[in-house]
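# Examination of the molecular architecture
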Amino acid sequence: MKNFFTYIYLFFSVIGFSQPITAISDSSNSRPNEQLAQNYFDRGEFGKAIIIFESLVKNQPNNYVYFQKQVACYQQLVMFDKAETAILARIEKTRQPNLYIELGYNYQLQKDNQKANKYYKLALEKVKENPNNVYTVARDFEQKVLINEAIEAYNLGSIGNPNANFEYQIALLQGQLGKTDLMIETLIDYAYKNPMNLPLVQNQLTRFIADDSQKQFSETLKKSLLIKTQKTPDIFWNQFMSWFFVQQKEYGKAFIQEKAIFKRNPEYFVNIVNLARLSIQENDTETARIILDYILLNTTDIELQMEANYQILNLDIEKASTIEYPKIHEKLNLLLKEYGISPYSLKLQILKAHFESFYLKEFESSKSILNEALNLQLNNYQRAEVKMELADVLLLDQKFNQAIIYYAQIEDDLKNDEIAHEASFKMAKASYFKGDFDWALKQFKVLKSSTSQLIANDSMELFLLINDNTVEDSTQVALKKFAKADFYKYQNKNQEALQDFKTILAQHKGESIEDVSMLRIGQLYEKTNNFQEALNYYQQIIDTHSDGIYVDEALFFSAEIYRKSLLDTEKAKSNYEKIIFKHEDSIYFVEARNNFRKLRGDTNL
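These figures come from a predicted structure and were not determined experimentally.

So, about the overall build of the chain. If you tally the helices and strands in the chain, you get 33 helices and zero strands. Relative to its length of 605 residues, the chain is extended, with a C-alpha radius of gyration of 34 Å against a globular reference of 25 Å. By its C-alpha atoms, the chain is 90 × 85 × 55 Å across when sized along the principal axes. With 605 residues in all, the chain has 46% of them scored as buried. Taking the contacts inside the chain whose residues are at least 6 apart along the sequence as the reference set, 50% of them involve residues at least 24 apart.

What follows is the structure, given as C-alpha cells:
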C-alpha cells in the first residue's frame, strides 16, 4: 500500500512538472505562448522571453519572426556568441541573404564595425547577384535603422531590375536622414510618373506637414511644386498645388489653381464646387462668396445654380443689417419663382421660412411655407429637415410643446441617425427654455456622450449649468432667469437678453451663475460688433474665474477678436498661448495652436 501511494505521488508529480513544458512545446498553443513571450520581451524580461522563443523556434524552425526575437533576446542578454551560433546555423540551412545583416548587426552591437560592414556588404552583394533579394535585404536594413545601406539596396535592386520602382521607399528613407529637399523632389516626381499612387504620396506629405511647426517643410514643398508648375504645363501640377493650398487652408490660392484646371478641362468643374463647400465649412466666407459667384457664371446645371444661390444667400443673411432684409427677401421670392416649389428647391424653401421667422418675425408665413413643403414627395431625410425647421420656428414663437412634438417625431423616424441626435438635443434645449429643468437635465446627461462632438460639448455645458445651479439653489431662481435670458438670445432679441443677463450679475453676484452670465454678455456684445465691451466681460472671467469651466472660451473668444477685428497680433498670440499651455483639454486647443503658429509667422506666407 505504501508503494502504491508512492507511485501515485510520483505519477502526479511528473504530470504536474511536465504540463508547463508540454504547453510550451505544443505547437497548437504557439499563439498564446507567442503573446506571453512578447509580453516578457516588451517588459524587458528577456531571460523569461528567451525560454519560450527557443521553444517556439524549435517547433517552428521556418518562422523567421520567432528566430529574430530569439536572436534579439540573446543580444539583450549580451549573449552574442549564442546569437552568432543561431544566425550561422540558419545561414547554413537556408542561405537567406538578409541573415548576413543579422550577423553584421550582431558584430555592430559588439562595436566591431569592421566585421559588421563586411557582412552588410555581403548582403548587398546578394542583391547584385539576384535583384529579387532586395525586398528582404532592404527591409531588414530598415528594421535595423541602417538607412544608407537600405537606400543602397534599393538602388542596386533598381539597377538589376529596371522594371522595379523603389523611388517611394528611397524618398521616405531620405526623409529619415533629414534630406527633406531630396525626399520632396523624389516623392513628387514619383507621383507624376505614377499618378495612381498620388494619394499615397500626399498622405506621407500630410504627415510631414502636420509635424512641421516651423513650416520649413511646407515652404520647401510649395517652392518645388511652383517650379514644377512653371516648367511643365500639366494639369497634374495645378491639382497638386491646389491640394497643397487646401492643406494650408489657403482656399483663395487653391481656387486660382482650380480655375486654371477648369479652363483647360471643364470636366474638373466639380472640384471648384467642392472647394466652395470646403471654404464655407472652414468659415472662409470671403473666398466662398467669390467661388460661388464663379460657379453661377460657369454652370447651366439647375441643381448647382440653386445650391450656389442658396449658399450665397446664407452668407448674405449672416452679415446682413436690417436695412438689407427686404432685398434678401425679394431675392428669395424671385429664386423660388424661378425654380418652382418642388423637392429640388427644398433648401431654398427652408431658407425662406427661416429668414421670415428668425429675421422678419413673420411666424405664420414661415409655418405655412414649411407645412406646404411637408405635402411634397419627400424622402425621410428631407421630411426631417422640414420638421426640424418647423420645430425651430415653433420654439421661436414660444410654442414649446408643439416644437417638442416635432423634435420627437424626427427622433422616432430616424433612430440613431445624426439628425435624430440633433433633434434630441434641441428637444432637451426646448425643455430647458421652458423651465422643465429636471427632464432637460436627464436628456443632457445622455447627450453629453453623443458621437457628435458639437452636441456632446453643448450638452455638457448645459448639463453643468443646470446641475451646478440646482445644487447651489434648489429653488433654481437664478437658473430660471438665465434660461429666460438665453431664450431671448435664441430669439435674436439681443437687447432684452443683454438686460436680463446684466440683472442676473447684479442680483446673483458671487454665485455659480456669474461666469457663464459674463460669457453670454460678452457673446452678445461681440455679435453686435461692440468688441471692447465683449473683451471687458471675457477679461472678467479670466481674472475672477480662472479655475472655472468657461475660462478657455473667454481666452479663445478674446484672441479671435484681437486677431480678426482689432488686428492686435500680440494680444491675440498671448491669449492663444494661454490656451496652449494651460488648457490642453479645451475643444479650442487645436484651433488656438494653429492660429498661434500663423501669427508667429510660421506659415511663411
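Moving on, there is more to tell.
Another aspect to go through is the packing of helix H32 (residues 569-582) against helix H33 (residues 589-600). Where H32 meets H33, the axes come as close as 9 Å, and the angle between the chain directions of the two elements is 145°. When the axes of H32 and H33 are compared, the crossing they make is left-handed. For the pair H32 and H33, contact is made by Thr-569, Ala-572, Lys-573, Tyr-576, Glu-577, Ile-579 and Ile-580 and by Phe-589, Ala-592, Arg-593, Asn-595, Phe-596, Leu-599 and Arg-600, respectively. Each residue belonging to the contact of H32 with H33 can be placed in one class, and the counts come to eight nonpolar, two polar and four charged.

Tallying each qualifying case throughout the model produces 30 salt bridges. Here Lys-352 and Glu-356 are joined by a salt bridge, their closest N and O atoms 2.9 Å apart. In this pair, Lys-352 and Glu-356 both sit in helix H20 (residues 346-358), four residues apart, roughly one turn of the helix. For Lys-426, the salt bridge is made with Glu-422, and the minimal N-O distance between the two is 3.6 Å. In this pair, Lys-426 and Glu-422 are both assigned in helix H24 (residues 418-434), four residues apart and thus about one turn of the helix distant. Several salt bridges share partner residues, and in doing so they unite Glu-364, Lys-367, Asp-397 and Lys-399 into one network.

In this section: the nonpolar core. Of all hydrophobic cores here, the largest spans 86 residues; its most connected members are Tyr-432, Phe-444 and Leu-465. Ala-49, Phe-67, Ala-86 and Leu-146 belong to the second largest nonpolar core, which has 47 residues in total.

Here the structure, examined in full by the defined rule, presents 36 aromatic pairs. Between the aromatic rings of Tyr-64 and Phe-67, the centroid separation amounts to 5.7 Å while the plane-to-plane angle is 40°, which identifies the pairing as tilted. With Tyr-64 and Phe-67 both in helix H4 (residues 64-76), this residue pair falls three residues apart, about one helical turn. Each member of the pair Tyr-64 and Phe-67 is classed as buried.

Taking 1.5 Å of rise per residue, the 17 residues of helix H7 (residues 113-129) would be expected to cover 24 Å, and the 24 Å separating its terminal C-alpha atoms lies within 8% of that figure. Among all positions of H7, only Ala-116, Tyr-119, Tyr-120, Ala-123, Leu-124 and Val-127 are buried. Looking straight down H7, one finds that the buried residues subtend no more than 145° of arc, so they occupy a single side. Along H7, the residues that are exposed and aim more than 90 degrees away from the buried face are Gln-114, Lys-118, Lys-121, Lys-128 and Glu-129.

In the predicted model, the chain carries a mean pLDDT of 89, and the fraction of residues at 70 or more is 93%. The low-confidence segment residues 1-29 (pLDDT under 50) makes nine contacts with residues lying over four places distant or belonging to another chain.

Of note, Lys-249 is a non-glycine position whose phi angle comes to about 60°, a positive value. Tracing the chain through its elements places Lys-249 in the loop between helix H14 (235-247) and helix H15 (251-264). Positive phi is not limited to glycine here, since Asn-492 has a value of about 70°. Judged by its relative accessible area of 28%, Asn-492 falls in the partly exposed class.

Here helix H30 (residues 531-544) is 14 residues long and its end C-alpha atoms lie 20 Å apart, about the 20 Å a rise of 1.5 Å per residue gives. For H30, the set of buried residues is Phe-531, Ala-534, Leu-535, Tyr-537, Tyr-538, Ile-541 and Ile-542. Projected onto a plane normal to the axis of H30, the buried residues spread over an arc of 165° and lie on a single side. Exposed positions of H30 whose direction lies more than 90 degrees from the buried face are Gln-532, Asp-543 and Thr-544. Contacts made by the buried residues of H30 are with helix H28 (494-507), helix H29 (514-527), helix H31 (551-565) and H32.

Turning our eyes to something else, we now look at the side chain of Lys-367. Looking at the element boundaries, Lys-367 is found in helix H21 (residues 363-373). Since its relative accessible area comes to 11%, Lys-367 is described here as buried. A distance of 2.9 Å separates a polar atom in the side chain of Lys-367 from a polar atom in the side chain of Asp-397. In this structure, Lys-367 is in contact with Leu-390, Val-393, Leu-394, Asp-397 and Lys-399, ignoring residues within four places of it in sequence.

What counts as what
Residues numbered from 1 in each chain as written. Predicted model: local features only at pLDDT ≥ 70, side-chain atom pairs only at ≥ 80, totals over all residues. Heavy atoms only, no water. Helix = DSSP H or I, 4+ residues; strand = E, 2+ residues; numbered from the N terminus. Rg over C-alpha atoms; globule rule 2.2 N^0.38 Å. Buried < 20%, exposed > 50% of the residue type's maximum accessible area, 1.4 Å probe, protein only. Contact = heavy atoms within 4.5 Å. Axes fitted to C-alpha atoms, helices over the stretch in contact; angles between N-to-C directions. Left-handed = near helix turned anticlockwise from the far one by under 90°. Nonpolar A, V, L, I, M, F, W, Y, C, P; charged D, E, K, R; others polar. Salt bridge = Lys/Arg side-chain N within 4 Å of Asp/Glu carboxyl O. Core = buried A, V, L, I, M, F, W, Y, C linked by side-chain atoms within 4.5 Å. Phe/Tyr/Trp six-rings, centres within 6.5 Å; stacked < 30°, edge-to-face > 60°. Expected span 1.5 Å × (residues − 1). Arc of directions from axis to C-beta. pLDDT = per-residue confidence, 0-100. Polar contact = N/O pair within 3.5 Å; in protein donor to acceptor, adjacent residues only side chain to side chain.

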